Amino acid sequence: MSKKIEYKVPDGYFEDLRTRLSAIPAQEKQPTRFQKFAPYLALAACFAVAVLAGNLILSRTAMPAASEDEIIEYLINSDITLAQIEDYLISNN
Amino acid sequence: MVCQYSEPLYWHIRALVGSHEDADDILQEVFVKVWKALPGFRGESSINTWLWRIATNEALSFLRKQKVRAALSFSSIDAEAERVLDSDPWFDGDEAQRKLAIAVAKLPDKQRAVFCMRYFEELPYEEISAITGTSVGALKASYHQATEKIKASVELAD
């Protein structure tokens, strides 16, 4: 039995094939600069969204800053003495 | 590269899949993959081995899909192999060659690839091993099993 199977190809097939295969690199477009940087842009966008969302959540859930009157009221009602307050202010200045 | 390798790669794929149209489609896919992967080719294997590996994987992938398609249409693999060969206008073999081609087509995919590379392309086992990633010992066993199956298949058809 022959070691080859008698397959044929159309006339001029391999010339045509070489032409078609040589044209593939031109058909396969090189990625644009935007396409190259798209993954990094996507990463930066995700980071920005995370930061904005974090800020939004914090601003909605954080306790509002106490006013000076409220602080004074708190200190009066607490057991802290004036001397302790003075000591604290002196040690921090 | 195209000038040097397109024809031998075509015959490699053709031996595996049988049909001219399918071999043509697969070869184009192979070269698309080759062009894309070429910048990353580090020369860890020879360009020959690399190209044959891509072509073999692409052809095996095609054969798997073909088998699934045949199963979904409730046709047997054997009947599908005969149908593909008989409907191919680019097969010019005699009856003995038809039986050989059908017997080869009935082999399991990987065994078929080993048989084609060894029998038709006469590649050394070491080269086939580099292409398929299978040990030489396993390849020899696979080739022996393939020849036994083909002999049985051809004798049954006589």
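Owing to the predicted nature of the structure, the values given are computational and were not obtained by experimental measurement. (Residues numbered from 1 in each chain as written. Chains lettered and ligands numbered in written order. Predicted model: local features only at pLDDT ≥ 70, side-chain atom pairs only at ≥ 80, totals over all residues. Heavy atoms only, no water.)

S.K.: I tried to follow the overall build of chain B on my own but got confused; where do I start?
M.R.: When its secondary structure is counted, chain B shows eight helices and zero strands. Traced from its N-terminal end to its C-terminal end, chain B shows the element sequence α-α-α-α-α-α-α-α. On C-alpha atoms alone, chain B measures out to a radius of gyration of 16 Å, which is about the 15 Å that the 2.2 N^0.38 rule sets for 158 residues. Sorting the 158 residues of chain B into buried and exposed places 48% on the buried side. Element-wise, carbon and sulfur atoms account for 54% of the exposed surface of chain B, whose accessible area totals about 7900 Å². Taken together, the 19 basic and 24 acidic charged side chains of chain B have centroids lying 7 Å from each other. (Helix = DSSP H or I, 4+ residues; strand = E, 2+ residues; numbered from the N terminus. Rg over C-alpha atoms; globule rule 2.2 N^0.38 Å. Buried < 20%, exposed > 50% of the residue type's maximum accessible area, 1.4 Å probe, protein only. Areas by Shrake-Rupley, 256 points an atom, 1.4 Å probe, with all protein chains shown as cover. Lys, Arg positive; Asp, Glu negative; His and termini not counted. Charge placed at Lys NZ, Arg CZ, Asp CG, Glu CD.)

S.K.: I keep staring at the pattern of salt bridges and nothing clicks. Help me out?
M.R.: Oppositely charged side chains may form a pair once their charged atoms are brought near each other. Counted under the stated rule, the structure contains nine salt bridges over all chains. Between Arg20 of chain A and Asp16 of chain A there is a salt bridge whose closest N-O contact spans 3.1 Å. You can see Arg20 of chain A and its partner Asp16 of chain A sitting in helix 1 (residues 13–22), four residues apart, about one turn around the helix. On the basis of relative accessible area, Asp16 of chain A is assigned to the partly exposed category, the value being 37%. Through salt bridges with shared partners, a single ionic network connects Asp16 and Arg20 of chain A together with Asp24 of chain B. (Salt bridge = Lys/Arg side-chain N within 4 Å of Asp/Glu carboxyl O.)

S.K.: Would you mind showing me how to read the nonpolar core here?
M.R.: The tendency in soluble globular proteins is for nonpolar side chains to be buried as a group. Leu9, Ile13, Val17, Leu27, Phe115, Phe120 and Ile150 of chain B are the most contacted members of the largest nonpolar core, which totals 56 residues. Every element with two or more residues in this core is listed here: helix 1 of chain A together with helix 1 (2–17), helix 2 (20–37), helix 3 (47–72), helix 5 (95–105), helix 6 (109–120), helix 7 (125–132) and helix 8 (136–157) of chain B. Here this core takes nine residues from helix 3 of chain B, the largest share from any one element. Those residues within four positions of Leu27 of chain B in sequence are excluded, and the remaining contacts are Leu17 and Leu21 of chain A together with Ser6, Leu9, Tyr10 and Ile13 of chain B. (Core = buried A, V, L, I, M, F, W, Y, C linked by side-chain atoms within 4.5 Å. Contact = heavy atoms within 4.5 Å.)

S.K.: Can you walk me through the interface of chain B and chain A in this structure?
M.R.: Think of interface size as the accessible area that goes away when the parts come together; that is how it is often given. In this complex, chain B contributes 31 residues to the contact, which on the side of chain A involves 20 residues. Between chain B and chain A, roughly 2600 Å² of surface is buried when both sides are summed, and carbon and sulfur atoms account for 66% of that area. Looking only at chain B, the three residues that lose the most surface to chain A are Trp90, Gln97 and Phe120 of chain B, adding up to 21% of its buried area. One can count one salt bridge joining chain B with chain A. Of the charged contacts in the structure, one is a salt bridge between Asp24 of chain B and Arg20 of chain A, with a shortest N-O distance of 2.9 Å. Mapped onto the side of chain B that touches chain A, the elements with two or more residues apiece are helix 1, helix 2, helix 5 and helix 6 of chain B. For the side of chain B that touches chain A, a count of residues per class yields 19 nonpolar, six polar and six charged. (Buried area = accessible area lost by both parts, 1.4 Å probe. Nonpolar A, V, L, I, M, F, W, Y, C, P; charged D, E, K, R; others polar.)

S.K.: Before we go on, may I ask you to explain the confidence of the model for chain A in this structure?
M.R.: Should pLDDT be low for a region, the predicted coordinates there are not to be read in detail. Residues of chain A with pLDDT of at least 70 account for 90%, and the chain-wide mean is 81. When mean pLDDT is compared element by element in chain A, helix 1 of chain A scores highest at 89, while helix 2 (residues 24–27) of chain A scores lowest at 74. (pLDDT = per-residue confidence, 0-100.)

S.K.: What exactly am I supposed to notice about the packing of aromatic side chains here?
M.R.: Describing an aromatic ring pair means giving the distance of the ring centres and the angle of the ring planes. All names here are of chain B. Summed over all chains, the structure comprises 15 aromatic pairs over all chains. A ring pair is formed by Phe31 and Trp35, whose centres lie 6.5 Å apart and whose planes are at 55°; its orientation type is tilted. A residue pair is termed a helical-turn pair when its members lie 3 or 4 positions apart in one helix, as Phe31 and Trp35 do in helix 2 at four residues. Here Phe31 falls in the buried class, since its relative accessible area comes to 0%. Aromatic rings pair up to connect Phe115, Tyr119, Phe120, Tyr125 and Tyr143 into one cluster. Sitting over the ring of Tyr125, Arg118 keeps its end group 4.5 Å from the ring centre. (Phe/Tyr/Trp six-rings, centres within 6.5 Å; stacked < 30°, edge-to-face > 60°. Lys NZ or Arg CZ within 6 Å of the ring centre and 35° of its normal.)

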